[in-house]
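Now for the letters of each chain:
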Amino acid sequence: MNQLIPLSFHNNVSLTIKREDLLHPHISGNKFRKLKYNIEESLRQGNTTLLTFGGAYSNHIAAAAAAGKKYNLQTIGIIRGDELHDKAMQNPTLKFAADCGMKLHFISREAYRDKHTPEFIAHLQREFGEFYLLPEGGTNALAIKGCEEILTVEDSGFTHICSAVGTGGTVSGIIKSAGAGQQVLGFPVLKNEALSDDIAKFAGQGNWKLVNSYHFGGYGKVTEELVTFMNGFYEKTGIPLDPVYTAKMVFGVIDMAEKGFFPDNAKVLMIHTGGLQGIEGMNLELKRKKLSLIKI
Ligand SMILES: *Cc1c(COP(=O)(O)O)cnc(C)c1O
């Protein structure tokens, strides 16, 4: 569903948001797209266990756990940070994943860094038996194929398509399915020099670029300015944004529109990739730091 944002800019630029966050109550937004063909493939291989990786607030972990429950697959989540083990049930994301039936396995940050090495995968296979492996963030070729279904024929009239970028899988699918006349703008939420190369590898050349100035200090970092923006946007539009991804992208797009980045009469489509499950955990952090909370 596309929703027009009630904001006007001097050069008649319009902003619309695609509500991928409404695709499913628990397998939200781009994670639904990224899981779809992977689950099909896993079932085709006769594999009934999904194993994947993520941090304590990971949208991917929550979505994989919910998808496992829905499709009757066992799920195993390898979680970064062995110190979390004892307080996992105080973490809303991990509690949700466990309630969906995901088996949580905590490893140290050092071990997590080596998680994709063949030795570590072999170690996991000895421990858990056979599984279908989804990489961290869920990005692989089948995930990108799923993300090619975000844009539809109804979106062909937009001049610019904007999306938050983590691993780059989602924006790669968007780039592959965008029309020749459409420019795709990706808004990385983390500092990663290799991202452009990754996206070029997944999606090839084309009419796209990354806007690197709206990561707000890096992955999972939020500022008072960002929280104030999110709450104002929610009040004005009724649309909740997530603090890790979509809020940074929407903030960036509005800022760029105000500064005259877009040509006259540009029709800009922003992709709401979901991630709202992360708000509860983020608010616990903000509360601990005595900062303003995100309204929902
Ligand atoms: C995971 C996620 C992204 C980033 O997707 P990538 O494919 O890793 O770039 C963007 N938005 C939300 C809400 C997410 O959960």
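For clarity, every value in this text was computed on a predicted model and none was experimentally measured.

### So, the overall build of the protein
- Secondary structure assignment for the protein yields 11 helices and 10 strands.
- The C-alpha atoms of the protein give a radius of gyration of 19 Å, which matches the 19 Å a tight globule of 296 residues would have.
- In terms of overall dimensions, the protein has a C-alpha envelope of 60 × 45 × 35 Å along the principal axes.
- Sorting the 296 residues of the protein into buried and exposed places 55% on the buried side.
- The long-range share in the protein, meaning contacts at least 24 apart out of those at least 6 apart in sequence, stands at 73%.

### Some thoughts on helix α8 (residues 195-203)
- Those residues of α8 that sit buried are Leu195, Ile199 and Ala203. One side of α8 carries all its buried residues, which in axial view fall inside an arc of 45°. Among the exposed residues of α8, those oriented more than 90 degrees off its buried face are Asp197 and Lys201.
- In this fold, the buried residues of α8 make contact with β7 (160-165), α7 (169-177), β8 (183-188) and β9 (208-210).
- In the segment just after α8, Gly204 is the residue with positive phi, at about 80°.

### Concerning the site of the ligand
- Taken together, 16 residues lie near the ligand, and Lys31, Lys34, Thr167, Thr170 and Thr273 sit nearest.
- In isolation the ligand exposes 380 Å². Once the protein is present, 98% of that is buried.
- At the level of elements, α1 (29-44) and α7 are the ones that each hand at least two residues to the shell around the ligand.
- For the shell around the ligand, the leading source of residues is α1, giving three residues.

### Observations concerning helix α11 (residues 278-288)
- For α11, the complete set of buried residues consists of Gly278, Ile279, Gly281, Met282, Asn283 and Leu286.
- If you follow the buried residues of α11, they end up packed against α2 (59-70), α3 (92-99) and α9 (224-237).
- Positive backbone phi, approximately 55°, marks Lys290, located one or two places after α11.

### Quick look at the pattern of salt bridges
- Under the criterion given, the structure shown has 13 salt bridges.
- Across the pair Asp21 and Arg19 runs a salt bridge, and its minimum N-O distance is 2.9 Å.
- Residue Asp21 is classed as buried on the basis of its relative accessible area of 7%.
- Exposure remark for Arg19: the relative accessible area of 10% places this residue in the buried category.
- As a salt-bridge pair, Arg288 and Glu285 come within 3.2 Å of each other at their nearest N and O atoms. Separated by three residues within a single helix, Arg288 and Glu285 lie in helix α11, roughly one turn from each other.
- The exposure class assigned to Arg288 is exposed, which follows from its relative accessible area of 59%.
- Overlapping salt bridges bring together Glu285, Arg288 and Lys289 as one network.

Rules used in this analysis
- Residues numbered from 1 in each chain as written.
- Predicted model: local features only at pLDDT ≥ 70, side-chain atom pairs only at ≥ 80, totals over all residues.
- Heavy atoms only, no water.
- Helix = DSSP H or I, 4+ residues; strand = E, 2+ residues; numbered from the N terminus.
- Rg over C-alpha atoms; globule rule 2.2 N^0.38 Å.
- Buried < 20%, exposed > 50% of the residue type's maximum accessible area, 1.4 Å probe, protein only.
- Contact = heavy atoms within 4.5 Å.
- Arc of directions from axis to C-beta.
- Near = heavy atom within 4 Å.
- Areas by Shrake-Rupley, 256 points an atom, 1.4 Å probe, with all protein chains shown as cover.
- Salt bridge = Lys/Arg side-chain N within 4 Å of Asp/Glu carboxyl O.

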